[in-house]
Amino acid sequence: MAGKLMKLLFRPGWRLRCVDPPLGWLRVRDEQPPYVEFRLQMTCYLTSQWAGPVRVKELQLRVMAGEREFLVPWTASADPQEVPLGDTPEYAVSSAAPHHAFIDFGSDAPDLITLVEATSEPVPVLVEGLFNAAFEFRPIASVDLEVDQPLLRGEVWRKVKTGRELA
């Protein structure tokens, strides 16, 4: 019994929870080559006030388009005032309070850019992460990104519908 309890208590990342769905933004930068960026506001917390911090080592965004999947790498992290969280995207979630972060993902894959510019249907995405000493990615948030206006290339972030709205 004690062995089973210890396994449950010390499984990497088991205490991390994220508000699902996150808030989302999207833009296609008009560069050479064009570059698509996804920004999600992730709000994560630990379910126990005595839990040790959970270190977010790596994140990826899995974009599903029919039978195709795109893995979009994590490019930056910032706090709600858009101040970068450090030299690397890594950050930690502690038990003191919910942790809010803007997480940016980006890719120059031509098929992905065509997908986000041309689709009128919601695009399902899944945020996966590596935490603490984990060796495999674990799903932490899933959402259908829905663009309600034509997406124009440029530096301006476009809000996308995720099923979660600001109060």
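The structure presented is a predicted model; accordingly, all values stated were derived computationally and were not measured.

Chemist: Even after reading the chapter, I still don't get the nonpolar core, so can you show me in this structure?
Modeler: The nonpolar side chains of a soluble globular protein tend to be buried, and buried together. The biggest cluster of nonpolar side chains holds 38 residues, and the ones touching the most others in it are Phe-38, Val-63 and Phe-105. Considering every element that reaches this core, the biggest residue donor is strand S3 (residues 35-46), with six residues.

Chemist: I'm lost on the pattern of salt bridges in this one. Help?
Modeler: Note on pairing: side chains with opposite charge can pair once their charged atoms come close. Counted according to the given criterion, the structure contains 11 salt bridges. In this structure, Glu-128 engages Arg-62 in a salt bridge whose closest nitrogen and oxygen atoms are separated by 3.1 Å. Here the residue Glu-128 occupies a position in strand S8 (residues 123-131), and Arg-62 occupies one in strand S4 (residues 54-65), the gap between them amounting to 66 residues. Across the pair Arg-153 and Glu-117 runs a salt bridge whose closest N-O atoms are separated by 2.7 Å. You can see Arg-153 sitting in the loop between strand S9 (138-145) and strand S10 (158-160) and its partner Glu-117 sitting in helix H2 (residues 110-118), a full 36 residues away along the chain. With a relative accessible area of 39%, Arg-153 lands in the partly exposed category. One connected set of salt bridges, linked through shared partners, spans Arg-27, Arg-29, Glu-31, Glu-37 and Glu-155.

Chemist: Would you take a moment to explain the pairing of strand S2 (residues 23-29) for this structure?
Modeler: Where burial is concerned, most of S2 is hidden: six out of the seven residues are buried. Counted along the chain from S2 to the antiparallel partner S3, the turn is five residues long. For S2 and S10, the ladder comprises three bridges, and the chain directions are antiparallel. Each residue of the ladder has a partner; that of Trp-25, found in S10, is Lys-159.

What counts and how
For every chain, the first residue of the written sequence is number 1, and numbering continues from 1 along that sequence. For this predicted model, a pLDDT threshold of at least 70 governs which residues receive local features, and a threshold of 80 or more governs which side-chain atom pairs are given and counted, while totals over whole chains, interfaces and linings are taken from all residues. Side-chain numbers here rest on the full set of heavy atoms in the structure, without hydrogens or water. Nonpolar cores were defined as sets of buried Ala, Val, Leu, Ile, Met, Phe, Trp, Tyr and Cys residues, with membership established by side-chain atoms within 4.5 Å. Throughout, exposure labels follow a simple rule: accessible area from a 1.4 Å probe, protein chains only, divided by the maximum for the residue type, with under 20% read as buried, over 50% as exposed, and the rest as partly exposed. Each helix corresponds to a stretch of at least 4 residues labelled H or I by DSSP, and each strand to a stretch of at least 2 residues labelled E; elements are numbered beginning at the N terminus. Basic side-chain nitrogens of Lys or Arg form a salt bridge, by our definition, when they fall within 4 Å of a carboxyl oxygen of Asp or Glu. One requirement defines pairing of two strands: DSSP has to find at least two bridges between them.

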